[in-house]
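Residue-level listing of the chains:
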Amino acid sequence: MHEQFNFAIEVLGTIAFSMSGSFAAMQKRLDPFGVLIIAFVTSVGGGTVRDLLLDIPVFWMHDILMCTLILVTSIFSMIFKSLEKNFKVTLFIFDSFGLGLFTIIGVQKGLNAGIHPMICIALGTITGCFGGIIRDILLNRIPLIFRKEIYATACIVGGAVFLLMTKYSVLSYTFVQILTILLIVAIRTLAVKYHWQMPKFYGYDHNNSEM
Amino acid sequence: MHEQFNFAIEVLGTIAFSMSGSFAAMQKRLDPFGVLIIAFVTSVGGGTVRDLLLDIPVFWMHDILMCTLILVTSIFSMIFKSLEKNFKVTLFIFDSFGLGLFTIIGVQKGLNAGIHPMICIALGTITGCFGGIIRDILLNRIPLIFRKEIYATACIVGGAVFLLMTKYSVLSYTFVQILTILLIVAIRTLAVKYHWQMPKFYGYDHNNSEM
Amino acid sequence: MHEQFNFAIEVLGTIAFSMSGSFAAMQKRLDPFGVLIIAFVTSVGGGTVRDLLLDIPVFWMHDILMCTLILVTSIFSMIFKSLEKNFKVTLFIFDSFGLGLFTIIGVQKGLNAGIHPMICIALGTITGCFGGIIRDILLNRIPLIFRKEIYATACIVGGAVFLLMTKYSVLSYTFVQILTILLIVAIRTLAVKYHWQMPKFYGYDHNNSEM
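Residues numbered from 1 in each chain as written. Chains lettered and ligands numbered in written order. Predicted model: local features only at pLDDT ≥ 70, side-chain atom pairs only at ≥ 80, totals over all residues. Heavy atoms only, no water.

- Under an unreviewed UniProt entry, the name given to chain A is Putative membrane protein YeiH, and the source organism is Chryseobacterium aquifrigidense.
- UniProt, in its Sequence similarities (unreviewed entry) section for chain A, records the words "Belongs to the UPF0126 family." (UniProt positions renumbered as here; feature names shortened; annotations may be inferred.)

### As for the overall build of chain A
- In terms of regular secondary structure, chain A is built from seven helices and zero strands.
- Seen in sequence order, chain A has helices and strands lined up from the N terminus as α-α-α-α-α-α-α.
- The buried share among the 211 residues of chain A stands at 55%.
- At a minimum sequence separation of 6, the contacts of chain A that also span at least 24 residues come to 74%.
- With the model as given, the accessible surface of chain A reaches about 8900 Å², and the carbon-plus-sulfur share is 70%. (Helix = DSSP H or I, 4+ residues; strand = E, 2+ residues; numbered from the N terminus. Buried < 20%, exposed > 50% of the residue type's maximum accessible area, 1.4 Å probe, protein only. Contact = heavy atoms within 4.5 Å. Areas by Shrake-Rupley, 256 points an atom, 1.4 Å probe, with all protein chains shown as cover.)

### What to know about the confidence of the model for chain A
Residue and element names in this part refer to chain A.
- Averaged over every residue, the pLDDT of chain A is 83; residues scoring 70 or more account for 89%.
- Within chain A, the lowest mean pLDDT, 82, falls on helix 4 (residues 84-112), and the highest, 92, falls on helix 3 (residues 64-79).
- On the interface metric, ipTM, the complex scores 0.81, and its pTM is 0.86. (pLDDT = per-residue confidence, 0-100.)

### Some thoughts on the UniProt feature "transmembrane region" (unreviewed entry) in chain A
Residues and elements named next belong to chain A.
- The UniProt record marks residues 6-26, 33-53, 59-80, 87-107, 113-138, 150-168 and 174-191 with the feature "transmembrane region" (unreviewed entry), using the residue numbering of this structure.
- When the span residues 150-168 is considered, its composition is 89% helix and 0% strand, and the gap between its end C-alpha atoms is 27 Å.
- Between the end C-alpha atoms of residues 174-191 there is a gap of 26 Å, over a span that is 100% helix and 0% strand.

### Observations concerning the packing of aromatic side chains
All names here are of chain A.
- Tallying each qualifying case throughout the model produces 12 aromatic pairs over all chains.
- A ring pair is formed by F76 and F80, whose centres lie 4.7 Å apart and whose planes are at 45°; its orientation type is tilted.
- With a relative accessible area of 39%, F76 lands in the partly exposed category.
- The class for F80 is partly exposed, based on a relative accessible area of 34%.
- The interplanar angle of 70° and the centroid separation of 6.0 Å between the aromatic rings of F162 and Y173 together place this pair among those described as edge-to-face. Note that F162 is positioned in helix 6 (residues 152-168) and Y173 in helix 7 (residues 173-193), a separation of 11 residues in sequence.
- Judged by its relative accessible area of 1%, F162 is buried.
- The exposure class of Y173 is partly exposed, given its relative accessible area of 31%. (Phe/Tyr/Trp six-rings, centres within 6.5 Å; stacked < 30°, edge-to-face > 60°.)

### Focus: the nonpolar core
- Counting 180 residues, the largest nonpolar core has A:W60, A:M61, B:W60, B:M61, C:W60 and C:M61 as the members making the most contacts within it.
- Apart from the residues lying within four places of it in its own chain, the contact partners of A:M61 are B:L53, B:L54, B:I115, B:I119 and B:L123. (Core = buried A, V, L, I, M, F, W, Y, C linked by side-chain atoms within 4.5 Å.)

### Details of helix 6 (residues 152-168) of chain B
- In a regular helix each residue adds 1.5 Å, so 17 residues correspond to 24 Å; helix 6 of chain B covers 24 Å between its end C-alpha atoms and thus fits that length.
- All of the buried residues along helix 6 of chain B are B:A152, B:T153, B:A154, B:C155, B:I156, B:G158, B:G159, B:F162, B:L163 and B:M165. (Expected span 1.5 Å × (residues − 1).)

### Quick look at the pattern of salt bridges
- Per the stated rule, a full pass over the model turns up six salt bridges over all chains.
- Linking A:R50 and A:D51 is a salt bridge whose minimum nitrogen-to-oxygen distance equals 3.0 Å. Each member of the pair A:R50 and A:D51 is classed as buried.
- Residues C:D136 and C:R135 are paired through a salt bridge, measuring 3.2 Å at the closest nitrogen-oxygen approach. C:R135 shares its class with C:D136; the two are buried. (Salt bridge = Lys/Arg side-chain N within 4 Å of Asp/Glu carboxyl O.)

### Details of the UniProt feature "domain: Glycine transporter" (unreviewed entry) in chain A
- Following the UniProt record, the feature "domain: Glycine transporter" (unreviewed entry) maps to residues 8-81 and 93-166 of chain A here.
- Structurally, residues 8-81 of chain A comprises 80% helix and 0% strand, and the distance from its first C-alpha atom to its last is 25 Å.

### Some remarks on the environment of C:G131
All names here are of chain C.
- Looking at the element boundaries, G131 is found in helix 5 (residues 117-138).
- Taking relative accessible area as the criterion, G131 reaches 3% and is therefore assigned buried.
- As a C-alpha pair, G131 and P57 span 74 residues in sequence and 18 Å in three-dimensional space.
- For G131, the residues in contact, after removing those within four places along its chain, are V41, T42, G45 and G46.

### A word on the side chain of B:S20
Residue and element names in this part refer to chain B.
- With respect to the helices and strands, S20 occurs in helix 1 (residues 2-27).
- Here the side chain of S20 touches R135 through a polar contact of 3.0 Å, side chain to side chain.
- Setting aside anything within four residues of it in sequence, one finds S20 in contact with T42, L91, D95 and R135. (Polar contact = N/O pair within 3.5 Å; in protein donor to acceptor, adjacent residues only side chain to side chain.)

### Here we look at unusual backbone geometry
Residue and element names in this part refer to chain A.
- The phi angle at D55 is positive, at roughly 55°, despite the residue not being glycine.
- With respect to the secondary-structure elements, D55 resides in the loop between helix 2 (32-54) and helix 3.
- Assessed through its relative accessible area of 42%, D55 is described here as partly exposed.

### Regarding a nonpolar patch on the surface
- A cluster of nonpolar residues, A:V89, A:I93, A:F97, A:I178 and A:L182, forms a patch on the protein surface that exposes about 410 Å² of accessible area.
- With respect to the element layout, A:I93 can be found in helix 4. (Patch = residues over 30% accessible without salt bridge, like charges linked within 9 Å, V, L, I, M, F, W, Y side chains within 5 Å.)

### A short note on helix 3 of chain A
Residues and elements named next belong to chain A.
- Counted at 1.5 Å a residue, the expected span for helix 3 with its 16 residues is 22 Å, and the 23 Å between its end C-alpha atoms agrees.
- What helix 3 keeps buried is the set M66, C67, I70, T73, S74, S77 and M78. Considered in projection along helix 3, the buried side chains sweep an arc of 135° and stay on one side of the axis. Turned more than 90 degrees away from the buried face of helix 3 sit L65, V72 and I79, all of them exposed. (Arc of directions from axis to C-beta.)

### Brief notes about the packing of helix 5 of chain C against helix 6 (residues 152-168) of chain C
Residues and elements named next belong to chain C.
- Look at helix 5 against helix 6: their axes get within 9 Å of each other, and the N-to-C directions meet at 140°. Taken as axis vectors, helix 5 and helix 6 run oblique relative to one another. Relative to helix 6, the crossing made by helix 5 is right-handed. Between helix 5, through P117, I121, T125 and C129, and helix 6, the contact on the second element is made entirely by A152, C155, I156, G159, A160 and L163. (Axes fitted to C-alpha atoms, helices over the stretch in contact; angles between N-to-C directions. Parallel < 35°, antiparallel > 145°, perpendicular 65-115°, else oblique. Left-handed = near helix turned anticlockwise from the far one by under 90°.)

### Brief notes about the packing of helix 6 of chain B against helix 7 (residues 173-193) of chain B
Residue and element names in this part refer to chain B.
- One can describe the packing of helix 6 onto helix 7 by two numbers: an axis separation of 9 Å at closest approach and a directional angle of 155°. With respect to helix 7, the axis of helix 6 lies roughly antiparallel. Crossing angle aside, the handedness with which helix 6 passes helix 7 is right-handed. Between helix 6 and helix 7, the contacting residues are A154, V157, G158, V161, F162, M165 and T166 on the first element and Y173, V176, Q177, L179, T180, L183, I184, I187 and R188 on the second.
- Residue composition of the contact of helix 6 with helix 7, by class: 11 nonpolar, four polar and one charged. (Nonpolar A, V, L, I, M, F, W, Y, C, P; charged D, E, K, R; others polar.)

Below, the structure is given as structure tokens:
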């Protein structure tokens, strides 16, 4: 059952990020193959960097199911693009769940490889965020992760809470997973709803910003 | 003979991309070492990502010949930069051949590693296109692959035709290779000549494009 | 003693790049977690790409000490950010030493893996420069390495001199290391002080620069 739960997590996260990539690419008026490439990169980017760092086989190289899933989701998004406005809230929820799901997977894979917990939090953050970072770089947008509402912060906090709960709580593993995902989704949702932001470093750019 | 043909393919593709990188870098007024770095990245970028994904040794790490070839081509391009205008058509043809050649190499390396054919098409596209994508990111241009005439599309179509022909046709392997390369070159050339474009997703950007 | 010297080199270089990343991120008004991520990427980016290319374990995946060092340096930089103006010269010196130190480490790791010396120079340049390149891409700045005073050039010259001296001189290894680092720092310092630039390729952009 544990395995199946992990699998469901990965499928849902992949669908969520594939849709988010497709819609971002259509907004930038790419052609269908461009949309497909961006959907692909957004979905697998974070996990690919994680697997390369861990020196384990890149997960999608032998997983035709995952590739097909991205392809189908992307085509589905292109056909129903006109619905996006109605989907806006749905899409945001999907994206938040994707972030939570992928963060957990990253932390778990790190622990399985015998990596120090603190570095596992970094791996979880990379898995959750890098797909979106690469998407934004390819679309020539300032990676929003570095600008807007709490995003990476949610991964870092979620990863830390996950590690503490698996180590010190008596709750079952699957329950801890669900709690962490909900925590990350909650942080993201509340942050966007109430415009939470981390304090930034102001009063700086009066220098030549290109320095 | 087969081996020699593959080797010739790789040499020609490397020269083509090295020249295309050098000229793009000179247009952006980089200094000679910057031009050299961009030429290098454009030539080896796609193959490097492919080899990392396949977890096989990165091809240029033990191949002083390929590195020397890039160095010489780049220096040659800098010396004869004034000729570029006369070379414009030549350069376009080289770049198209490079695209076709590298796509084939990527698909072949994937098949050799026992990867599913559909994922091999992705590997071929990565090998053909990623060098140019990294070049454009470093030079702070919007990766043209996502904007202009059919480019990635040519790789995807070429890769699919290559796989179908090797599986279902009675033609010899080398002949199928040559046919595929010519097909990719033809798609690119006709697309540029007649301004073929894939239909794009319009009527979208009236939203805040920075969303 | 040799080992300890190498270790000291790595620690100093990491601190230098972590500070340089933190200050660049604060200038762009990122929040504290964003600053931390940029500091991390700037410090480990070059070495990570090098280790992936060499197919050896990525150095920071099993090195909690290095990760802690980056964390502490970044927090320290955020607390004392107001001092940056006084630190400007200090920071430049640190960054130059970091460049020299990391270049040497890259060349050494390449030689240890049995790579051809010419390719080792490329690895040294990658180790020295890629962290800064990734930092600039993430912060949406034109990678300064390709614009400003001699930077990659210092790595390439330093790497070549290092290889020649270890092969043909009678000087001790540690002494050659120190000489090379000082050479790279000297090139950088003199280049910035006297606005040395490599000749660039002018008279070009009258074409459509977006071609």
